[in-house]
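Take a look at the letters that make up each chain.
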Amino acid sequence: MFHKQNLPTMEFVYEYAVIRYVPDIERQEFINVGLIMMCKRKRWVRIVLRFDEERIRLFDPVVDLHCLRRQLNAIEEIALGNKAFGPVAMFEPEERFRWITAVKSACIQTSRPHPGLTDNLEETFLHLVERLV
């Protein structure tokens with residue numbers, strides 16, 4: 001007879017990356033503006049953006065907020081698979097994640113992807129957002 005404590009919990013491997021605004025590539029300074037997380041086995045991707053205009057302006061007084069918001073919104077739509085945002089949005093969830101987190105020299109970048117193991121993807125995602133963004 002099995003007891004509940006002897007049953008294995010379902011654990012999922014996930015990867016996440018912090019989305020960053022980098023106003024001056026050469027200075028390598030950034031502000032965290034979002035988080036993307038993916039679980040290949042569940043075909044699951046979540047993304048959240050925190051667009052705090054006041055904080056961004058303190059960091060970069062000459063930023064074009066409209067342009068930055070458009071770029072971040074496009075990344076969000078691609079992550080969510082909105083096919084109106086081009087061919088990358090039609091990729092599988094893990095491929096969209098890889099595309100978004102690829103190293104690039106642009107004003108919007110991501111951290112390197114970090115792996116983890118969880119039995120609750122949504123809870124882990126929310127915890128990471130609160131901690132990192």
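For the structure, see preceding data.
First, a word on what this report is: a plain description of the structure on this page. (Residues numbered from 1 in each chain as written. Predicted model: local features only at pLDDT ≥ 70, side-chain atom pairs only at ≥ 80, totals over all residues. Heavy atoms only, no water.)

Some remarks on the overall build of the protein chain
Looking only at helices and strands, the protein chain features four helices and five strands. Going residue by residue from the N terminus, the α and β elements of the protein chain occur as β-β-β-α-α-α-β-β-α. Seen through its C-alpha atoms, the protein chain measures out along the principal axes to roughly 65 × 30 × 20 Å. Counting only contacts in the protein chain whose residues sit at least 6 apart along the sequence, the fraction spanning at least 24 positions is 62%. If you sum the accessible surface of the protein chain, you get close to 8700 Å²; carbon and sulfur atoms cover 53% of it. (Helix = DSSP H or I, 4+ residues; strand = E, 2+ residues; numbered from the N terminus. Contact = heavy atoms within 4.5 Å. Areas by Shrake-Rupley, 256 points an atom, 1.4 Å probe, with all protein chains shown as cover.)

As for the nonpolar core
With 24 residues, the main nonpolar core has Ile19, Tyr21, Val33, Ile36, Ile56, Leu68 and Leu72 as its most contacted residues. Counting only elements with at least two residues in this core, the list comes to β1 (12-21), β2 (31-39), β3 (44-49), α2 (65-79) and α3 (93-101). When residues of this core are assigned to their parent elements, the largest contribution, six residues, is made by α2. The contact partners of Leu72, leaving out residues within four places of it in the chain, are Ile19, Val33, Leu49, Phe51 and Ile108. (Core = buried A, V, L, I, M, F, W, Y, C linked by side-chain atoms within 4.5 Å. Buried < 20%, exposed > 50% of the residue type's maximum accessible area, 1.4 Å probe, protein only.)

Looking at unusual backbone geometry
The residue Gln28 is not glycine, and still its phi comes out positive at about 60 degrees. By the secondary structure assignment, Gln28 is in the loop between β1 and β2. Here Arg43, not a glycine, exhibits a phi torsion of approximately 55 degrees, which is positive. Overall, the relative accessible area of 52% leaves Arg43 in the exposed class.

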